[in-house]
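Breakdown of the fold
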Amino acid sequence: MKAVIFNSGLGNRMGDFTKNHHKSMAPLKNGETIFHRQLRILSAEGITDFIITTGPFEDQLKAEAADFPNLNFTFVRNDIYDQTNYIYSMYLAREYMNDDLLFFHGDLVFSRKLVHDVLACSDKCTGTVNFTKAL
């Protein structure tokens, strides 16, 4: 099983923060970045192989991944990230998608329980939706 994390976007909706930082480097209340939290939770649930699409601030993503030397990372750069979307990044990473896959956006904050429940699901293909949150 591999986790694919789409981190090739600009993060324009995050305002001034993304002028100098990747959107997944946003710190959470505990000081951990979104990307670090994703890697920590997924690895705690047994995921060791990651495909990370990149665009701006690729060096920040690689530096954060270096905190996890026991994990395997494949970074796939989208050089035209400012003209395309994550679907094109998925296309660029297609050759590495040779296993069961979990897909995540780089700015998605999730719990370990969610990952555990998805992995425990017997359905061949599944997605998650939170019906308790307002749109």
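To keep things clear, this report deals only with the structure shown in the data block. Computed from a prediction, not measured in an experiment: that's the story for all the values here.

The next thing to look at is the overall build of the protein. Helix and strand content of the protein: four helices and four strands. Counted from the first residue to the last, the protein has its helices and strands arranged as β-α-β-α-β-α-β-α. Taken over C-alpha atoms, the radius of gyration comes to 15 Å for the protein, in line with the 14 Å a tight globule of 135 residues would show. Along the longest, intermediate and shortest principal axes, the C-alpha atoms of the protein span 40 × 35 × 30 Å. Of all intrachain contacts in the protein linking residues separated by at least 6 positions in sequence, the fraction that spans at least 24 positions is 64%. If you sum the accessible surface of the protein, you get close to 8300 Å²; carbon and sulfur atoms cover 51% of it. The averaged location of the 16 negative side-chain charges in the protein is 5 Å from the averaged location of its 14 positive side-chain charges.

Before going further, it helps to spend a moment on the state of the cysteines. Among covalent bonds in proteins, the disulfide is the one between the sulfur atoms of two cysteines. Evaluated as defined, the whole model comprises zero disulfides. Free of any disulfide, Cys121 has its nearest cysteine sulfur in Cys125, 9.5 Å distant. With relative accessibility at 71%, the residue Cys125 sits in the exposed group.

The next thing to look at is the pairing of strand β3 (residues 72–77). Sheet topology places strand β2 (residues 49–54) next to β3; six bridges connect them, and they run parallel. Paired with Thr54 across the strands is Arg77, a residue of β3. Where the polypeptide runs from β2 across helix α2 (residues 58–65) and back to β3, its parallel neighbour, the crossover connection is right-handed.

This next bit is on the environment of Val76. By secondary structure assignment, the location of Val76 is in strand β3. Val76 has contacts with Ile51, Ile52, Thr53, Thr54, Leu92, Ala93 and Tyr96, leaving out every residue within four places of it along the chain.

Another point: the sheet that holds strand β1 (residues 2–7). Across the sheet, four strands lie side by side as β3-β2-β1-β4; this open sheet has parallel pairing. Either end of the sheet is taken by a strand with one partner, and the two such strands are β3 and β4 (101–105). Mean inter-strand twist for the sheet, computed between neighbouring axes without regard to direction, equals 20°. Contacting β1, β2 and β3, α2 runs over the sheet at an angle of about 175° to β3.

A cluster of nonpolar side chains, namely Ile80, Tyr88 and Tyr91, defines an oily patch on the protein surface of about 260 Å² accessible area. Relative to the elements of secondary structure, Ile80 occurs in the loop between β3 and α3 (86–92).

Cut-off values and rules
Residues numbered from 1 in each chain as written. Predicted model: local features only at pLDDT ≥ 70, side-chain atom pairs only at ≥ 80, totals over all residues. Heavy atoms only, no water. Helix = DSSP H or I, 4+ residues; strand = E, 2+ residues; numbered from the N terminus. Rg over C-alpha atoms; globule rule 2.2 N^0.38 Å. Contact = heavy atoms within 4.5 Å. Areas by Shrake-Rupley, 256 points an atom, 1.4 Å probe, with all protein chains shown as cover. Lys, Arg positive; Asp, Glu negative; His and termini not counted. Charge placed at Lys NZ, Arg CZ, Asp CG, Glu CD. Disulfide = S-S within 2.5 Å. Buried < 20%, exposed > 50% of the residue type's maximum accessible area, 1.4 Å probe, protein only. Pairing = 2+ DSSP bridges. Right-handed = clockwise from strand over helix to strand, strands pointing away. Axes fitted to C-alpha atoms, helices over the stretch in contact; angles between N-to-C directions. Patch = residues over 30% accessible without salt bridge, like charges linked within 9 Å, V, L, I, M, F, W, Y side chains within 5 Å. Salt bridge = Lys/Arg side-chain N within 4 Å of Asp/Glu carboxyl O.

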